[in-house]
Amino acid sequence: MSTYETLLVDTDDRVAIITLNRPDVRNAINAQVQADLRAALGELRDDDSVGIVVITGAGEKAFAAGADIGQLQHYDLHAGLTSSMQRLYDELEAFEKPTIAAVNGYALGGGCELAMACDLRIAAATARFGLPETNLSVLPGAGGTQRMSRLVGEGLAIDLILTGRMLDAGEALRAGLVTRVTEPDQLLATARQVAAAILAKGPLAVRLAKLVIRTGMDADRRTGLVVEQLAQSLLYTTADKREGAESFLAKRTPEWSGR
């Protein structure tokens, strides 16, 4: 792997862990973080030895405490229309391999939006989530207005965005914003356990399941069902489908080929 100015990237046993490495500013997401994250994802996309990506933050205080406010004061109409962070998070959401946000502390603003762009969110018990952009007379413009409402419902999303209040880990779990809460010292171990469970499944099925779910969320029910049917039909033609059935009947561990 390449080295990055603002990230640490470690790969082991088909799991890549990207750590936002600016703990002195609570891992605030500036232009360099965005550039590094885009480059790292591009490299991991093409690395066949990596099957899943985990994103976390350095230190104990923050996953990512939002965008860099020092840069925000220079944003103008052009920056808003360019929306580089929104485009980056769209790329993350569409990333072919599963992604997990291991949220180790504050996930605010752009940090919360980063976590929501991942497929799964696992929180340390000390994690806090919020979209406080209205305090600065802006709104969550990196997908926050759309992803939050899809994850927790319109009513709670409006409450969180208009008031800027935070959810603790337990509230986030009950709201559906995260799927698991663990002790801080077990966060990455839990993320690795979840990653191992996903990696044990048929890789084509995992990839298409993610695609079908994402597509269906932005379509009507009938369209979603048609996409599901077509994806299933495609999987029926694969060597991995045959291997899945044969290994199950033979009571052995499947050997996936990704074909």
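Refer to the structure printed above.
Criteria and cut-off values
Residues numbered from 1 in each chain as written. Predicted model: local features only at pLDDT ≥ 70, side-chain atom pairs only at ≥ 80, totals over all residues. Heavy atoms only, no water. Helix = DSSP H or I, 4+ residues; strand = E, 2+ residues; numbered from the N terminus. Contact = heavy atoms within 4.5 Å. Areas by Shrake-Rupley, 256 points an atom, 1.4 Å probe, with all protein chains shown as cover. Lys, Arg positive; Asp, Glu negative; His and termini not counted. Charge placed at Lys NZ, Arg CZ, Asp CG, Glu CD. Pairing = 2+ DSSP bridges. Axes fitted to C-alpha atoms, helices over the stretch in contact; angles between N-to-C directions. Buried < 20%, exposed > 50% of the residue type's maximum accessible area, 1.4 Å probe, protein only.

(A) Main features of the overall build of the chain. A tally of helices and strands in the chain yields 12 helices and 10 strands. Counting only C-alpha atoms and orienting by the principal axes, one finds that the chain spans roughly 60 × 40 × 35 Å. Of the contacts made within the chain by residues no fewer than 6 positions apart, 69% connect residues no fewer than 24 positions apart. Summed over all atoms, the accessible surface of the chain reaches about 13500 Å², with 54% contributed by carbon and sulfur. Treating the 27 positive side-chain charges of the chain as one cloud and the 33 negative ones as another, the clouds have centres 6 Å apart.

(B) Representation of the sheet that holds strand β6 (residues 106-108) within the structure. Taken together, four strands build an open sheet; the order of strands is β4-β6-β8-β9 and the sheet is mixed. Each edge of the sheet is formed by a strand with only one pairing partner; in this case those strands are β4 (62-65) and β9 (166-168). In this sheet, neighbouring strand axes are inclined to one another by 20° on average, regardless of whether the strands run parallel or antiparallel. Here helix α5 (residues 110-117) sits on the sheet and contacts β4, β6 and β8 (128-130); the angle it forms with β6, its principal contact strand, is near 95°.

(C) Seen up close, unusual backbone geometry. Although it is not a glycine, R26 adopts a positive phi angle of roughly 55°. Note on placement: R26 falls in the loop between β2 (15-20) and α1 (31-45). When its relative accessible area of 38% is taken as the criterion, R26 is described as partly exposed. A positive phi is found at N27, a non-glycine position, where the angle reads about 60°. Residue position: N27 is located in the loop between β2 and α1. Looking at N27, the relative accessible area reads 1%, which means it is buried.

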